[in-house]
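Residue-level listing of the chains:
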Amino acid sequence: MIINKDHSIDNSDVRQIKNSDDDLKKKQASYESTKLACAQNQGERNKRKILVCIGGSPFSKKLIYTARQMASDMNTQWMALSISKPIYFNYHPQNQNMIAENERLVDELGAEAYNVVGRRIADTIISFAKQHHIGHIIIGQPGSSFLFNLLGGMTVNRVIQKSGNITVHVIPGDTKEKSNRRTIRIGAQQSATSYIILTALIALMTLFLKGPLIPFDQVNILLLFLLPVLLGAALWGIGPGLYAAVMGVLSFDFFFVPPFQSLSVGDLRYISSFVIFLIVAVLTAGLSSGLKQQLEIAQQNERITSILYTLSRKITIMDQLDQTLQSIVQKISETIGYRVTIYLPDEKGKLKNAVSSFSVQENEERERLIAEWTYRHGVPVGRGSEMLREMNCFFLPMRTEEQIHGVMSIHYDKFPNTQEHRRLIEAISRLTALAIVRARSREEVEKARLTAESEKLHVILLDSISHELRTPLSTMIGSATVLYENDELFSQKDRLELLKTIRHGAIRMNRIVTNLLGMVKLESGMLKLNQQWCDLEDIIGVSINQLKDGLQDRNLNLTIEDDLPPVFVDELLFEQALTNILSNAMKYSPVGSSIHLDVHQSGGKLNISVSDQGEGVAPGELSHIFDKFYRLKTNAHVPGTGLGLAIVKGIVNAHGANVTAHNNEEKGLTIVLSLSGGLLKNRGQ
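Let me begin by describing the structure that accompanies this report. Note that this is a predicted model, so its numbers are computed, not measured. (Residues numbered from 1 in each chain as written. Predicted model: local features only at pLDDT ≥ 70, side-chain atom pairs only at ≥ 80, totals over all residues. Heavy atoms only, no water.)

Let's talk about the sheet that holds strand E4 (residues 112-117)
Part 1 of the argument: The strand order across the open sheet formed by five strands is E4-E2-E1-E5-E6, and the pairing between neighbours is parallel. Edge positions in the sheet fall to E4 and strand E6 (167-172), since each has one partner strand and no second. Adjacent strand axes in the sheet meet at a mean angle of 25° when their direction is disregarded.
Part 2 of the argument: Pairing analysis gives four bridges linking strand E1 (residues 49-53) to strand E5 (residues 134-141), with the strands arranged parallel. Residue pairing in the sheet places Leu 51 in a bridge with Ile 137 of E5.
Part 3 of the argument: Helix H2 (residues 59-74) contacts E1, strand E2 (78-84), E5 and E6 of the sheet and is inclined by roughly 155° relative to E5.
Part 4 of the argument: Of the strands in this sheet, E1, E2, E4 and E5 touch helix H4 (residues 121-131), which is tilted by about 150° from E2. (Pairing = 2+ DSSP bridges. Helix = DSSP H or I, 4+ residues; strand = E, 2+ residues; numbered from the N terminus. Axes fitted to C-alpha atoms, helices over the stretch in contact; angles between N-to-C directions. Contact = heavy atoms within 4.5 Å.)

Here is the structure:
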């Protein structure tokens, strides 16, 4: 920008600023439009999600594959929806098994399968679709009997009418499909006991109401016959409720409507009363039975949620695979009341019995072979499945999206052939598979961590050893070479000085090798103590004697209390520990400084403290000085392997003693080794 002497701005600069502003505005507008387009594309993608409606028919497989292909072509998500049976209908168990099989197929193809309870199928489908932002619904058109064509066609038409902006794709059914898979039974199969009880109750009510002292009129009597209807529907379902309604009408007509003791009706107005009574009775029985079923469904869902929540908590608490599987097996046996076995592949891929809730059975090998087949093919086998359905156990593959991790076997005394039970055990098997994946992932992570740490320690060890051994070796080789080649040039005093240097280097190397061997013994658990009653002053004297050549003008001040008791230690190992402490003090204290070794008793303990006048240790590093291979960052120039104090801690802890370190008030570091209890000999012993 050019500014004139009169502080005005040149016109070209003004145009340049305006152009820059225009470019900035264009870029901002382009960014906003791109952002809006991305949001719209994401919204459009969400609107294109596909929902396929499935049921207990083999035809549902065709719908599932159609939905997957359509989702692949449209590059969008898809999901499946199955609706639990209406209150008034109970589908054949074969249909329930087929629904579970279709849901497994959806899971295997990478989509999510949902199951909801709904009385109005069309409304339930549309409500679910709107909640999940569905753009396309795939639904099948029945192709078997006239009844199902009528009912199914009405459902499809209602879905289309209520779909709004959702596109509905109707797939025609196969007219050759067997109708026995769609068998429907009105009400549950009840035992004869419920009907006998209701018959007896209606008979007793009739005798009571027929008595001469009962002041009820016909209207009140007819209303009282609703009580068996409510009782039957609430306790045993809609079938007994309808039976009670019919029997109530017949009893009322036979005993209370003239002509008496005849089913004929003298006044035709009673016919309308009977019809109204039956309608009210049917509605009342339906509502009562519906509430009962909804309560049962809620209790089943609560039980399933509780079981899965308990298992998930067990999985998150435990890390070891064996403990996790044992806990899962015990919990499954406690909650669902059946015996459970889990098979896992070994290193060669052969299935073996990993954990079981019961003792070994005679046919264990046969069951293992069946589990092997289930594992290889990924297909459920046994009770309630399409293969070997007469067995008393059910083999279910434990799978995740990536692979099959094992097989769960459930042994039944009495098989609960319900869709809820199938969903429960499938959810448990998937949860168990996730537990296996989680435990193995933890093991792999821990193994990788240990491998990395081992590699790191290996590198540090080699680097430290090569550096530590090079110096004394070079010194020893140099001194020996000079003596060997030029012996006549040196005086007796010079020879002694060179020999002293060689000896000092050998002692240093011996200490390094001793520390390495000591660490190996500590890590492998091979360290064994040879404890005896020893004189502590002798141990201190030997340690000082080993290091006297390394003092190098440092002053070692000893303060040893009189009448020290003998100590129960391994003499050689304790000498090594004390030598390492003194060596550490020498390395980190300057030449000409003092090192203090103090031994005294206090509070039933014998304390050995070694203090130097070095730089001390930073507060953040003080807790790490006893770790393996740890070197102070502030004194990285000081040679060492970082093993000396780690070995001290290992030896002291093996004796049941304690070692601590703290900085001095002025400067330097103090390491305190404390002995107490059985390590000290009492005066009277």
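Here we look at the packing of aromatic side chains
Two measures describe an aromatic ring pair: the distance that separates the ring centres and the angle between the ring planes.
Part 1 of the argument: Tallied over the entire structure, the rule returns seven aromatic pairs.
Part 2 of the argument: Between Phe 252 and Phe 256, the ring centres sit 5.9 Å apart and the planes meet at 20°, which makes this aromatic pair stacked. Of this pair, Phe 252 and Phe 256 both sit in helix H9 (residues 238-256), four residues apart, which is roughly one turn of the helix.
Part 3 of the argument: Residue classification places Phe 252 among the buried residues on the basis of a relative accessible area of 2%.
Part 4 of the argument: Among the aromatic residues, those joined into a ring-pair cluster are Phe 225, Phe 252, Phe 256 and Phe 274.
Part 5 of the argument: Directly above the ring of Phe 256 sits Lys 210, whose terminal nitrogen or CZ lies 5.5 Å from the centroid.
Part 6 of the argument: When the ring centre of Phe 626 is taken as reference, the NZ or CZ atom of Lys 649 above it lies at 5.9 Å. (Phe/Tyr/Trp six-rings, centres within 6.5 Å; stacked < 30°, edge-to-face > 60°. Buried < 20%, exposed > 50% of the residue type's maximum accessible area, 1.4 Å probe, protein only. Lys NZ or Arg CZ within 6 Å of the ring centre and 35° of its normal.)

What about the nonpolar core?
Burial of nonpolar side chains together is a common tendency in soluble globular proteins.
Part 1 of the argument: Core analysis: the biggest nonpolar cluster contains 45 residues, and Leu 536 and Leu 675 have the highest contact counts within it.
Part 2 of the argument: For this core, the elements supplying multiple residues, two or more each, are helix H15 (536-547), strand E15 (567-570), helix H16 (571-587), strand E16 (594-602), strand E17 (605-611), helix H17 (644-654), strand E18 (658-663) and strand E19 (669-676).
Part 3 of the argument: Top element by residues in this core is H16. It accounts for eight residues.
Part 4 of the argument: If we ignore the near neighbours within four places in the chain, the residues touching Leu 536 are Leu 564, Val 567, Phe 574, Val 599, Leu 606 and Ile 608.
Part 5 of the argument: Judged by nonpolar contacts, the second largest core, of 27 residues, contains Tyr 412, Ile 425, Ala 433 and Ala 435. (Core = buried A, V, L, I, M, F, W, Y, C linked by side-chain atoms within 4.5 Å.)

Points about the side chain of Arg 554
Part 1 of the argument: Examined against the element boundaries, Arg 554 turns out to sit in the loop between H15 and strand E14 (555-560).
Part 2 of the argument: Classification of Arg 554 as buried rests on a relative accessible area of 12%.
Part 3 of the argument: Of note is the side chain of Arg 554, whose polar atom sits 3.2 Å from the backbone oxygen of Met 586.
Part 4 of the argument: A distance of 3.0 Å separates the side chain of Arg 554 from the backbone oxygen of Ser 589, its partner in a polar contact.
Part 5 of the argument: Among all residues touching Arg 554, those that are not within four sequence positions of it are Met 586, Ser 589, Pro 590, Val 591, Gly 592, Ser 593 and Ile 595. (Polar contact = N/O pair within 3.5 Å; in protein donor to acceptor, adjacent residues only side chain to side chain.)

Brief notes about the packing of helix H6 (residues 192-209) against helix H8 (residues 226-236)
Part 1 of the argument: Their axes nearest at 10 Å, the elements H6 and H8 cross at an angle of 165°. In this view, H6 runs roughly antiparallel relative to H8, as classed from their interaxial angle. Considering the relative orientation of H6 and H8, their crossing is right-handed. When H6 is examined against H8, the residues Ser 194, Ile 197, Leu 198, Leu 201, Ile 202 and Met 205 are found in contact with a partner set consisting of Pro 228, Leu 231, Gly 232 and Trp 236. (Parallel < 35°, antiparallel > 145°, perpendicular 65-115°, else oblique. Left-handed = near helix turned anticlockwise from the far one by under 90°.)

Let's talk about the pattern of salt bridges
Part 1 of the argument: For the structure shown, the criterion picks out five salt bridges.
Part 2 of the argument: The salt bridge involving Lys 162 is made with Asp 123; its shortest N-O contact spans 3.4 Å. Of this pair, Lys 162 sits in helix H5 (residues 146-162) while Asp 123 sits in helix H4; the two residues are 39 residues apart in sequence, bridging distant segments of the chain.
Part 3 of the argument: A relative accessible area of 31% means that Asp 123 is categorised as partly exposed.
Part 4 of the argument: In this structure, the salt-bridge partner of Arg 368 is Glu 365, at a minimum N-O distance of 3.0 Å. Pair noted here: Arg 368 and Glu 365 are both in helix H12 (residues 364-377), with a separation of three residues, about one helical turn.
Part 5 of the argument: Here Arg 368 falls in the buried class, since its relative accessible area comes to 12%.
Part 6 of the argument: Among the residues examined, Glu 365 registers a relative accessible area of 45% and is labelled partly exposed.
Part 7 of the argument: Residues joined by salt bridges that share partners form a network here, namely Glu 365, Arg 368, Glu 372 and Arg 376. (Salt bridge = Lys/Arg side-chain N within 4 Å of Asp/Glu carboxyl O.)

Digging into the packing of H6 against H9
Part 1 of the argument: The contact between H6 and H9 brings their axes to 10 Å, and the two run at 30°. The orientation of H6 relative to H9 falls into the category roughly parallel. Helix-helix and strand crossings are classified by hand; for H6 and H9 the assignment is right-handed. Contacts from Ser 194, Tyr 195, Leu 198, Thr 199, Ile 202, Thr 206 and Leu 209 in H6 reach Gly 239, Pro 240, Tyr 243, Ala 244, Met 247, Gly 248, Ser 251, Phe 255 and Phe 256 in H9.
Part 2 of the argument: A per-class count over the contact of H6 with H9 returns 10 nonpolar, six polar and no charged. (Nonpolar A, V, L, I, M, F, W, Y, C, P; charged D, E, K, R; others polar.)

Brief notes about the side chain of Thr 432
Part 1 of the argument: The residue Thr 432 is located in helix H13 (residues 419-485) in this model.
Part 2 of the argument: In contact with Thr 432, other than residues within four places in its own chain, are Leu 325, Ile 328, Ile 342, Met 398 and Met 408.

Notes on empty space enclosed by the protein
With a probe scaled to a water molecule rolled over the atoms, the places where space remains empty come into view.
Part 1 of the argument: Applying the stated criterion across every chain yields a total of two cavities of 30 Å³ or more.
Part 2 of the argument: Every residue along the wall of the largest cavity is listed here: Arg 104, Glu 108, Gly 378, Pro 380, Leu 396, Pro 397, Arg 399, Glu 426, Ser 429 and Arg 430.
Part 3 of the argument: Secondary-structure elements contributing two or more residues to the lining of the largest cavity are helix H3 (93-108), strand E11 (393-399) and H13.
Part 4 of the argument: Of the residues contributing to the lining of the largest cavity, the split by class is three nonpolar, two polar and five charged. (1 Å grid on protein atoms, 1.4 Å probe; cavity = no way out; pocket = protein on both sides within 12 Å on 5 of 7 lines; lining within 4 Å. Points joined across faces, edges and corners; volume = space filled by probe spheres on them.)

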